[in-house]
Amino acid sequence: MKKLILGTAALALSAGMGLAQDVVRLGTEGAYPPYNFINDNGEVDGFERELGDELCARAELTCEWVTNDWDSIIPNLVSGNYDAIIAGMSITPERDEVVDFTQNYTPPSPSAYAAMSEDADIEGGVIAAQTGTIQANHVVDTGATLLEFPNPDDTVAAVRNGEADAVMADKDFLAPVVEEGDLVFVGEDIPLGGGIGMAFRESDPELRGKFDAAIQTMKDDGTLNELIVKWLGEDSPRF
Amino acid sequence: MFASCADPSTLEGLNWLACYLTSGKHMAFYASFGTVMVLLAVTAPAALLFGFGGAMAARSRIWPVQWLGRAYTAMVRGVPDIIFFLFVPVALDQAFEWLRHKAKCPDWTEPIRQGSDFVVCTQAKLPLSTSPQWVHETYGFALAVLAFAVVFGAFAANVLYGAMRAVPRAQMETAEAYGMTPRQSFWRILVPQMWVYALPGLSNLWMILIKATPLLFLLGVEDIVYWARELGGSKTSIYAYPHPDWRLYYFLALLVFYLGLTKLSEMVLGRLTVRLSHGQATLAGEAQRKAGG
């Protein structure tokens, strides 16, 4: 009897440890609404918050949210300060050399220019974009003058105060800004990147596999599309 | 905070403002003032300690120690802070984890460096990934304090090194004439007298340190500037309290805070100068003596 109790206790303990080791820390920027932002209660909120929580539930993992500056978001992942990046990060070959991505959880979505007026010069003017984004790379390629900012909010503010002629960012980020503010979309939408995915350390294929499978199940039963409509709007491309 | 704040979209005017200023995010903003003050209170003595150590090493007669002290001040002073802050905490963190890894997981066979990844066994993680969030935050904060102490310690070392040389040679000669050993004359004559020479330099460093806290967010520690920027940025209706770009007001509040802190620091430093000049062979000390102080 005593042995049995001890055995159960040991089992319970090891089970507890097994559970405890499954805390997965999710790193995000917290400054890119509607993908991820800090809501008025000071918590991480947005499309990726809801998506991440659902993915963790499906993969039966306990997850915890961590915010980190965009500039140091990849270095802190590879040095092990958190286990995954879920921060509106587009899948690109350059990033793929350093980290491993899951399959995309948004379809390749268009980027767009927004400016104070329709006739803004987006080809030869000054374009604001966030440092280290695919949009910043694109602006350099078009030959316009790139004005870089460390966070998305500053890029929009730069257009409002006349520092830049236009801002380039994900259309889903700019849509609410244009809808409620004084900015307008200029020119055609430009498809950039291979969609947004979660990033993992290259040495961590097991965890990446779990999330990859969970994303697949959400694609299959249509819940991912519902989330996209809820947070990113009707016009955002779906699967 | 208040029950009436449950649905912000129905609020107007002062009620809206009262609810807005007491939202969870604002509470975090107010708390971050505490974070900054704690950081300053811990970092300043730590940096002074590093500086004192560095200055003593640079004065040492044993050449490897002297070389070490000089290399420390020269290297850290030469590297831009932002690079230092990206590098030192990550490197320190990895060094600690590597040591723990060696001690706790001797039979681990995989390499620790895999491409750009740094992989140690789960037990060696610092903090453990099972630890609650506050442990992670405290650890990040401690790393930040250490990094600040190393950086500002190098500047302080240079200031103190200069101050030690500024103490009149006659004072030291007198100490030697009384038969004090070098150690005794250092601690009894040199150290008590050098502070008045070090104070202007140290007070500069203090003022720079006060304003250097935004570097913290590189390490995930959220300071007042981070929150002011975050709260002040224009908010669309996805937030409970939408508003246009209000960063100007938040930064004005910070301006008041920083000016207040500066004034307070100047008052304290002024008193300290008077106290330290007492009985010194300096102009200020001489003036005090003549005034019968």
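Residues numbered from 1 in each chain as written. Chains lettered and ligands numbered in written order. Predicted model: local features only at pLDDT ≥ 70, side-chain atom pairs only at ≥ 80, totals over all residues.

Chain B is annotated in an unreviewed UniProt entry as Amino acid ABC transporter membrane protein 1 (PAAT family) of Rhodovulum marinum. The Subcellular location (unreviewed entry) field of the UniProt record for chain B holds the comment "Cell membrane". (UniProt positions renumbered as here; feature names shortened; annotations may be inferred.)

For chain A, an unreviewed UniProt entry supplies the name Amino acid ABC transporter substrate-binding protein (PAAT family) and the organism Rhodovulum marinum.

Chemist: What exactly am I supposed to notice about the domain arrangement of chain A here?
Modeler: What the domain assignment reports for chain A is domain 1 (2-107 + 195-232) and domain 2 (110-191). When the residues that make up the side of domain 1 of chain A that touches domain 2 of chain A are grouped by side-chain class, the tally is five nonpolar, three polar and one charged. (Domains from an automatic or database assignment. Nonpolar A, V, L, I, M, F, W, Y, C, P; charged D, E, K, R; others polar.)

Chemist: What is the right way to read the UniProt feature "domain: Solute-binding protein family 3/N-terminal" (unreviewed entry) in chain A from this model?
Modeler: UniProt's entry tags residues 23-235 of chain A with the feature "domain: Solute-binding protein family 3/N-terminal" (unreviewed entry), counted in the numbering of this structure. Taken end to end, residues 23-235 of chain A comprises 36% helix and 26% strand; its first and last C-alpha atoms sit 35 Å apart. (Helix = DSSP H or I, 4+ residues; strand = E, 2+ residues; numbered from the N terminus.)

Chemist: How do you make sense of the interface of chain A and chain B when you look at a structure like this?
Modeler: How big an interface is tends to be stated in terms of accessible area lost as the parts join. At the interface, 33 residues of chain A touch 33 residues of chain B. For the side of chain A that touches chain B, the secondary-structure elements that each account for two or more residues are strand 1 (23-28), strand 5 (62-67), helix 3 (73-78), helix 6 (152-160) and helix 7 (171-180) of chain A. By residue number, the principal contributor to the side of chain A that touches chain B is helix 6 of chain A, which donates four residues. Of the residues belonging to the side of chain A that touches chain B, the class tally is 14 nonpolar, ten polar and nine charged. (Contact = placed C-beta atoms within 7 Å.)

Chemist: How do you make sense of the nonpolar core when you look at a structure like this?
Modeler: One broad rule of soluble globular proteins: the nonpolar side chains tend to lie buried together. Grouped together as the largest cluster of nonpolar side chains are 68 residues, with contacts concentrated most on Ala 84, Ala 114, Ile 127, Val 159, Ala 166 and Val 167 of chain A. Split by domain, the residues of this core number at least three in each of domain 1 (2-107 + 195-232) and domain 2 (110-191) of chain A. Filtering out sequence-adjacent residues up to four positions away, Val 167 of chain A remains in contact with Ala 114, Ala 128, Ala 129, Thr 155, Val 156, Ala 158 and Val 159 of chain A. Ala 147, Leu 219, Val 225 and Trp 227 of chain B belong to the second largest nonpolar core, which has 49 residues in total. (Core = buried A, V, L, I, M, F, W, Y, C linked by C-beta atoms within 7 Å. Buried ≥ 20, exposed ≤ 12 C-beta atoms within 10 Å, placed from the backbone.)

Chemist: What's the story with the packing of helix 2 (residues 24-59) of chain B against helix 8 (residues 224-232) of chain B in this structure? I'm lost.
Modeler: How two helices pack is summed up by the angle between their axes together with the distance between the axes. Residues and elements named next belong to chain B. In contact at an axis separation of 8 Å, helix 2 and helix 8 are set at 160 degrees when each is read in the N-to-C sense. Classed by the angle they form, the pair helix 2 and helix 8 counts as roughly antiparallel. Crossing of helix 2 against helix 8: the hand is left-handed. Contact residues: helix 2 offers Lys 25, His 26, Ala 28, Phe 29, Ser 32, Phe 33 and Val 36, while helix 8 offers Ile 224, Trp 227 and Leu 231. (Axes fitted to C-alpha atoms, helices over the stretch in contact; angles between N-to-C directions. Parallel < 35°, antiparallel > 145°, perpendicular 65-115°, else oblique. Left-handed = near helix turned anticlockwise from the far one by under 90°.)

Chemist: Would you explain the UniProt feature "transmembrane region" (unreviewed entry) in chain B in this entry?
Modeler: Residue and element names in this part refer to chain B. Per the UniProt annotation, the sites labelled "transmembrane region" (unreviewed entry) are residues 27-50, 71-92, 139-161, 205-228 and 248-269. The span residues 71-92 shows a helical share of 91% and a strand share of 0%, and its end C-alpha atoms are spaced 19 Å apart. The annotated region residues 248-269 carries 100% helix and 0% strand content, and the separation between its end C-alpha atoms amounts to 31 Å.

Chemist: I would appreciate a short explanation of the environment of Cys 19 of chain B in the present structure.
Modeler: Residues and elements named next belong to chain B. Among the structural elements, Cys 19 can be located in helix 1 (residues 13-21). Its 21 C-beta neighbours within 10 Å are what place Cys 19 among the buried residues. Residues Cys 19 and Pro 8 lie eleven residues apart in sequence; the distance between their C-alpha atoms is 7.5 Å.

Chemist: Would you explain the sheet that holds strand 9 (residues 126-130) of chain A in this entry?
Modeler: Each strand in a sheet pairs with its neighbour through backbone hydrogen bonds, running either in the same direction (parallel) or in the opposite one (antiparallel). All names here are of chain A. Taken in spatial order, the five strands of this open sheet run 10-9-11-8-12, and their pairing is mixed. The open sheet terminates on both sides in strands that have one partner only, identified here as strand 10 (145-149) and strand 12 (184-191). Ignoring strand direction, the axes of neighbouring strands in this sheet form an average angle of 30 degrees. By the bridge criterion, five bridges tie strand 8 (residues 110-115) to strand 12 in an arrangement that is antiparallel. Across the sheet, Ser 111 pairs through a bridge with Ile 190, a residue of strand 12. (Pairing = 2+ DSSP bridges.)

Chemist: For this particular structure, what's the right way to read helix 3 (residues 63-78) of chain B?
Modeler: Side chains three or four residues apart in an α-helix point the same way, a direct result of the helix having 3.6 residues per turn. Taking 1.5 Å per residue as the helical rise, helix 3 of chain B with its 16 residues ought to reach 22 Å, and the 22 Å between its terminal C-alpha atoms agrees with that figure. Along its buried surface, helix 3 of chain B packs onto helix 2 and helix 5 (133-166) of chain B. (Expected span 1.5 Å × (residues − 1).)

Chemist: What am I meant to see in the packing of helix 5 of chain B against helix 7 (residues 182-211) of chain B here?
Modeler: Residue and element names in this part refer to chain B. The interhelical angle for the contact between helix 5 and helix 7, taken along N-to-C directions, is 150 degrees, at an axis separation of 8 Å. Relative to helix 7, helix 5 is oriented so that their crossing is right-handed. In contact with Phe 152, Phe 155, Ala 156, Val 159, Leu 160, Ala 163, Met 164 and Ala 166 of helix 5, helix 7 contributes Leu 190, Met 194, Tyr 197, Ala 198, Gly 201, Leu 202, Leu 205 and Leu 209. Tallied by class, the residues present in the contact of helix 5 with helix 7 amount to 15 nonpolar, one polar and no charged.

Chemist: Help me understand the sheet that holds strand 13 (residues 199-201) of chain A, please; the structure alone is not making it clear to me.
Modeler: All names here are of chain A. Taking strand neighbours across the sheet as the criterion, the five strands line up as 5-1-6-13-7 in an open arrangement whose pairing is mixed. Taken across any chain shown, the strands that pair with only one partner, and hence form the sheet edges, are strand 5 and strand 7 (99-101). Bridge count for strand 6 (residues 84-85) against strand 13 is two bridges, and the pairing is antiparallel. Pairing of Ile 85 across the sheet is with Ala 199, part of strand 13.

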